[in-house]
Amino acid sequence: MRKPNKKRSASVKAKLRANVAFRMNILFFSIFLLFTILILRLGYLQIVEGEEYKRALERTEEVPVNSSVPRGRIYDSVGRILVDNEPKNAITYTKMQTTKSSEMMEIAEKLATLIDKSVDDINLRDQQDFWIMKNTEDAYKKVSKKEQAKINANVDLTTSQKQQQIDKLVRDRITPEELNSFSEEELEVLAIFREMSSGYALSPQIIKSDTVSPEEFARVSERLGDLKGVNTTTDWVRVPKSNLAILGRTTSPKEGIPRSSIDYFIARDYTRNDRVGKSYIEEQYEEILQGQKSVVKNITDGKGSVTSTETVFKGEPGKDLVLTIDSEIQAKIEDLVETKLIEMKQKQGSNLLDRAFVVMMDPYSGEVLSMVGKQLSTNKETGKREILDYAYGTFTSAYEIGSTIKPATLLTGYEQGVIDMGETLIDEPIKIGKGDPKSSIFNRSSRIPMNDLQAIEQSSNVYMFKVGFRLANAVYKYEQSMRVSYNDFAAFSILRNSYAQFGLGVRTGIDLPGEVSGVTGTGRLPGNLMDLTIGQYDTYTPLQMAQYVSTIANGGNRVKPHVVKEIREPSLDGVTMGPLVTEIGPTVLNRIQNTQTQIEHIKKGMARVYFGDNGSARSYFGDLPFQAAGKTGTAQSIHYNPETRKITAAINSTHIGFAPFDNPEIAYAVMIPYAPYFNGVYESTGTILAREVVDAYFEIKQKNSETNEEVSKTIQTIKPVFVKEEIEEETEETIE
């Protein structure tokens, strides 16, 4: 057998390795060459052509333009217009980055010959600056060279600060005679120039709107070729169709963004003269209602001058809001509240009465069906009494709510295990040490055994006091002092934490700004604890009361109240609503820690308030044609007059309820602070008004059902605003 040639084999392997090495060298050289070319090319672009590319980039700039687009409309729950927009002719001016003051002055002088401009907004500083511009040489002669040299020698000042000091001296030395030398025509030019210069580069500034006549609009339109930067356009004015205060208001272009919110809005591409919502719904839903501005591409030359513009985005109107509030129900309850205020104001002891509130909610969805607040006021010009809308007071003002808190007190006792359902306690006057006795209104001297449902039905204060004692683990004995211990402090926290589960003493989460949580008492005496159990210590808002009774009505869920239920695209034809964007459903904030059996037990007690033999509201609700439930309340309160610093004893008349009993459609709360009170006598005005409110709701529901006007969940047709009958002027004049 022939042996392999080892030398030949080694030679082949050597050639193969040499071939691979050669190829690798070529590859590495190619990579090196490519990187060299790339580096040279980048260097060429940066060093040789960099300036040209930079100038090309500067020639193109996309900026949002402050074009006037309509804000979103606001509708009620059935599609009636509450806030609309009205188009107005407007004349605007847009300055460039390189526009000089002299150029603007020239345009202002031309515009002054074409339009009439009010001079009411001109201030002293405007006149001084205008005089300096018109008389520059004479103006700076008012500051001597020695004074200028002294200012310029101050090394602690920047160049601009030095000029500011010189300018201030000039303005201070302009005489009244020199300022009064302006003619009416010159002042009109100044008024126009003032508006032009207050705008920002590339952002249209409104020179005149609202009062632009067709003739002025036409004259300016014909001369646009001679008026660089001037344009005739359409501006939109917000037009409320309802006096409901929670709709809120917007700023005008002259007001612009409120100073306190400038940083917030500027960071969101607003400009300082943008209209923005400044209160309530307009403020809360600003970014939805605002719409989107036009975006234009400005083509500039190397000096920053705009050579042409190109629209990138035309802008679009704001989205529409559909509220949960029904205008017809709202108007009816407003009339009831106004009438009740006028009626109560005629009674003795009504000198403190000046407001009343009603809140109605869907207890399951949290939709606010009606939010009414009315306040009596005196017109400063006429001296006559008038009734103002105070709907926002339902969540921005708080009061003692009295016995309406008792269902929550009992539920707290059940949950803490200090009292059993159906347990009997003795209603009797309570006297701690040498203090004044505290008792139930219906029992000033006797000992009456009663269970928890009877305590709710008759509104027993003493039953609630004894629940509080048990929470504090305190032993009560007639006319003996009660020890204040750690357990007493714990009882305050237990009650307040429990009340908070229902929405009392905490913010409800309403989709409106400015909500308050109320005032929490700081005392820790046994008497304070007793007052807390019957709603005569801490304060709560009418909206919190509505959320509280809704929590009981729906079986234990605290639902977030809301006044907006839908967000829609703008209407395309003005006849039907735009497509639905967002539907705002119920939000459960928490569930109370009671069992369903305990909640149903309390609801039975609240039904006895209306229909029981000793029900505290039987005389007002006993003939109701369907089952419902509620709780009356009267709180001893005080009224503080900030002008006279006088404190006066007062009472608050309150009521909560829900209907129908088995499947509640509405939960309602009535609050009448500082109700008529004379010689210890008062009327259950809150309960009387509550019955009227319930009747009104179901009457309107029945009427609309019979006339097929009940609205489906998918609203499509836009309806005209609901117009309510106004209270006769002579009726208002009888208010004393």
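Counting of residues starts from 1 at the beginning of each chain's written sequence and follows it residue by residue. Thresholds applied to this predicted model are a pLDDT of at least 70 for local features of residues and 80 or more for the giving and counting of side-chain atom pairs; totals over whole chains, interfaces and linings are not thresholded and use all residues. To obtain the side-chain values, all non-hydrogen atoms of the structure were used and water was disregarded.

Enquirer: Quick question: what am I supposed to make of the overall build of the protein chain here?
Expert: The way it works is that DSSP assigns letters per residue, a run of H or I at least four long becomes a helix, a run of E at least two long becomes a strand, and they are numbered from the N terminus. Helix and strand content of the protein chain: 25 helices and 20 strands. Only protein chains enter the accessibility calculation, which uses a 1.4 Å probe; a residue is then buried when its area is under 20% of its type maximum, exposed when over 50%, and partly exposed in between. Residues counted as buried form 48% of the 736 residues belonging to the protein chain. Only heavy atoms matter for contacts: two residues are in contact if any of them lie within 4.5 Å across the pair. Taking the contacts inside the protein chain whose residues are at least 6 apart along the sequence as the reference set, 72% of them involve residues at least 24 apart.

Enquirer: What is the right way to look at the sheet that holds strand 9 (residues 355–361) in this model?
Expert: Neighbouring strands of a sheet are bound in pairs by backbone hydrogen bonds; such pairs are parallel or else antiparallel. A pair of strands is treated as paired once DSSP finds two or more bridges between them. Pairing in this open sheet of 6 strands is antiparallel, and the strands run 11-10-9-20-19-18 from one edge to the other. Edge positions in the sheet fall to strand 11 (385–389) and strand 18 (629–641), since each of these pairs with one other strand and no more. Averaged over all pairs of adjacent strands, the angle between strand axes in this sheet comes to 15°, irrespective of strand direction. Bridge count between strand 19 (residues 646–659) and strand 20 (residues 666–672): 7 bridges; the pairing is antiparallel. Bridged to Ser653 within strand 20 is Ile672. In this description, a line fitted to the C-alpha atoms serves as the axis of each element, helices being fitted only across the stretch in contact, and the angle between N-to-C directions of two axes falls anywhere from 0 to 180 degrees.

Enquirer: Whenever I open this one, the environment of Asp573 confuses me. Can you help?
Expert: Among the structural elements, Asp573 can be located in the loop between strand 15 (564–568) and strand 16 (580–583). Here Ser571 takes part through its side chain, which lies 3.3 Å from a polar atom of the side chain of Asp573. Pairs of N or O atoms within 3.5 Å make up the polar contacts considered here, provided that, within protein, one atom can donate a hydrogen while the other can accept it, and that residues adjacent in sequence are counted only when both atoms are side-chain atoms. For Asp573, the side chain forms a polar contact with the main-chain nitrogen of Thr576, separated by 3.0 Å.

Enquirer: How should the pattern of salt bridges be read in this particular structure?
Expert: Salt bridge, as used here: a side-chain nitrogen of Lys or Arg that lies within 4 Å of a carboxyl oxygen of Asp or Glu. A complete count under the given rule lists 43 salt bridges for this structure. Glu282 is paired through a salt bridge with Arg238; the nearest N and O atoms lie 2.8 Å apart. Taken together, the residues Glu282 in helix 12 (residues 280–284) and Arg238 in strand 5 (residues 230–240) connect sequence positions 44 residues apart. The two residues Glu282 and Arg238 agree in class, both being buried. Here the salt bridges do not stand alone but share partners, grouping Asp76, Arg80, Asp326, Glu328 and Lys703 into one network.

Enquirer: I would appreciate a short explanation of the packing of helix 3 (residues 101–112) against helix 9 (residues 184–197) in the present structure.
Expert: Geometrically, a packed helix pair is captured by the angle between its two axes and the distance between the axes. Closest axis-to-axis distance for the helix 3/helix 9 pair is 8 Å, and the angle between their directions is 130°. What the angle tells us is that helix 3 and helix 9 run oblique. Judged by the twist between their axes, the crossing of helix 3 over helix 9 is right-handed. Of the residues in helix 9, those in contact with Ser101, Met104, Met105, Ile107, Ala108, Glu109, Leu111 and Ala112 of helix 3 are Glu188, Val189, Ile192, Phe193, Met196 and Ser197. Of the residues assigned to the contact of helix 3 with helix 9, the class counts are 10 nonpolar, 2 polar and 2 charged. Roughly parallel here means an angle under 35 degrees, roughly antiparallel means over 145, roughly perpendicular means 65 to 115, and every remaining angle is called oblique. For any pair of crossing helices, the crossing counts as left-handed if the nearer helix is rotated counterclockwise from the farther one by less than a right angle, and right-handed if it is rotated clockwise. Only Asp, Glu, Lys and Arg are considered charged in this grouping, and only Ala, Val, Leu, Ile, Met, Phe, Trp, Tyr, Cys and Pro are considered nonpolar; every other residue, Gly among them, is considered polar.

Enquirer: I keep staring at the packing of aromatic side chains and nothing clicks. Help me out?
Expert: Aromatic ring pairs are described here by two measures, namely the spacing of the ring centres and the angle between the planes. Stacked, edge-to-face and tilted are the three classes for Phe, Tyr and Trp ring pairs, Trp counted by its six-membered ring, which pair at centre distances within 6.5 Å; planes under 30 degrees apart are stacked, over 60 edge-to-face, the rest tilted. A complete count under the given rule lists 16 aromatic pairs for this structure. Each ring, one from Tyr280 and one from Phe395, has its centre 6.0 Å from the other, and the planes form 80°; the classification is edge-to-face. Of this pair, Tyr280 sits in helix 12 while Phe395 sits in helix 15 (residues 393–396), and the two are 115 residues apart along the sequence. Ring geometry for Tyr610 and Phe621: centres 3.9 Å apart, planes at 0°, overall stacked. Placement of the pair is Tyr610 in helix 22 (residues 596–611) and Phe621 in helix 23 (residues 618–621), with a sequence separation of 11 residues. Like Phe621, Tyr610 is buried. An aromatic cluster of at least three residues, connected via ring pairs, comprises Tyr280, Phe357, Tyr390, Tyr392, Phe395, Tyr399 and Tyr674.

Enquirer: Even after reading the chapter, I still don't get the pairing of strand 11, so can you show me in this structure?
Expert: Moving residue by residue along a regular strand, the side chains alternate between the two faces of the sheet. Bridging between strand 10 (residues 368–378) and strand 11 involves 5 bridges; their strand directions are antiparallel. The residue of strand 11 that forms the bridge with Thr378 is Arg385. Hairpin remark: strand 10 followed by strand 11, antiparallel, with 6 residues in the connecting loop; positive phi at Gly383, about 80°.

Enquirer: Teacher, can you tell me more about the side chain of Glu457 here?
Expert: If you trace the backbone, Glu457 turns up in helix 17 (residues 452–458). In terms of polar contacts, Glu457 uses its side chain to reach the side chain of Arg608, at 2.9 Å.

Enquirer: Explanation requested: helix 14 (residues 327–345) in the structure shown.
Expert: An α-helix turns once per 3.6 residues; consequently, residues spaced three or four apart project the same way. To estimate how far a helix should reach, multiply one less than its number of residues by 1.5 Å. Compared with the 27 Å implied by 1.5 Å per residue over 19 residues, the 27 Å span of helix 14 between its first and last C-alpha is a close match. Summarising burial for helix 14: 16 of the 19 residues are buried, a large majority. If you check the start of helix 14, you find a side-chain oxygen 2.8 Å away from the backbone N of Glu328, and it comes from Asp326.

Enquirer: It is not clear to me how a nonpolar patch on the surface should be interpreted in this structure. Could you clarify?
Expert: Patch definition: residues above 30% relative accessible area lacking any salt bridge, with like charges linked at up to 9 Å and the nonpolar side chains Val, Leu, Ile, Met, Phe, Trp and Tyr linked at up to 5 Å. To measure how exposed things are, a 1.4 Å probe is used in the Shrake-Rupley method; for residues, cover is taken only from the protein chains shown. Residues Met24, Leu27, Phe28, Ile31, Phe35, Leu38, Ile39 and Leu42 make up a contiguous nonpolar surface patch of roughly 780 Å² in combined accessible area. Inspection of the secondary structure puts Phe35 in helix 1 (residues 6–48).

Enquirer: Honestly, unusual backbone geometry in this entry has me stumped. Any pointers?
Expert: A negative phi angle is the norm for most residues apart from glycine, just as the trans form is the norm for most peptide bonds. With an omega of -15°, the peptide bond running from Ala659 to Pro660 counts as cis. In this structure, Pro660 sits in the loop between strand 19 and strand 20. Phi is positive for Tyr280, which is not a glycine, with a value near 50°. In this structure, Arg645 is a non-glycine residue whose phi angle is positive, near 60°.

Enquirer: Looking at this model, I keep getting lost on the confidence of the model for the protein chain. Mind explaining?
Expert: Predictor confidence is given residue by residue as pLDDT, running from a minimum of 0 to a maximum of 100. Looking at the protein chain as a whole, the pLDDT averages 87, with 88% of positions reaching at least 70. Note on residues 725–736: pLDDT under 50 across the span, and 16 contacts to partners over four residues away in sequence or across chains.

Enquirer: Mind showing me how you'd approach the side chain of Asp84 here?
Expert: Mapped onto the elements of the fold, Asp84 is located in strand 3 (residues 81–93). The exposure class of Asp84 is buried, given its relative accessible area of 13%. Of note is the side chain of Asp84, whose polar atom sits 2.8 Å from the side chain of Arg73. Once residues lying within four places of it in the same chain are set aside, the contact partners of Asp84 are Arg73, Val237, Arg238, Val239 and Lys241.

Enquirer: Teacher, can you tell me more about the packing of helix 18 (residues 461–471) against helix 20 (residues 526–533) here?
Expert: It is the contact of helix 18 with helix 20, at a shortest axis distance of 8 Å, that shows an interaxial angle of 125°. Classified by the angle their axes make, helix 18 and helix 20 are oblique. Crossing geometry of helix 18 relative to helix 20 is assigned as right-handed. Between helix 18, through Met464, Phe465, Gly468 and Phe469, and helix 20, the contact on the second element is made entirely by Leu529, Met530 and Thr533. Counted by class, the contact of helix 18 with helix 20 contains 5 nonpolar, 2 polar and no charged residues.

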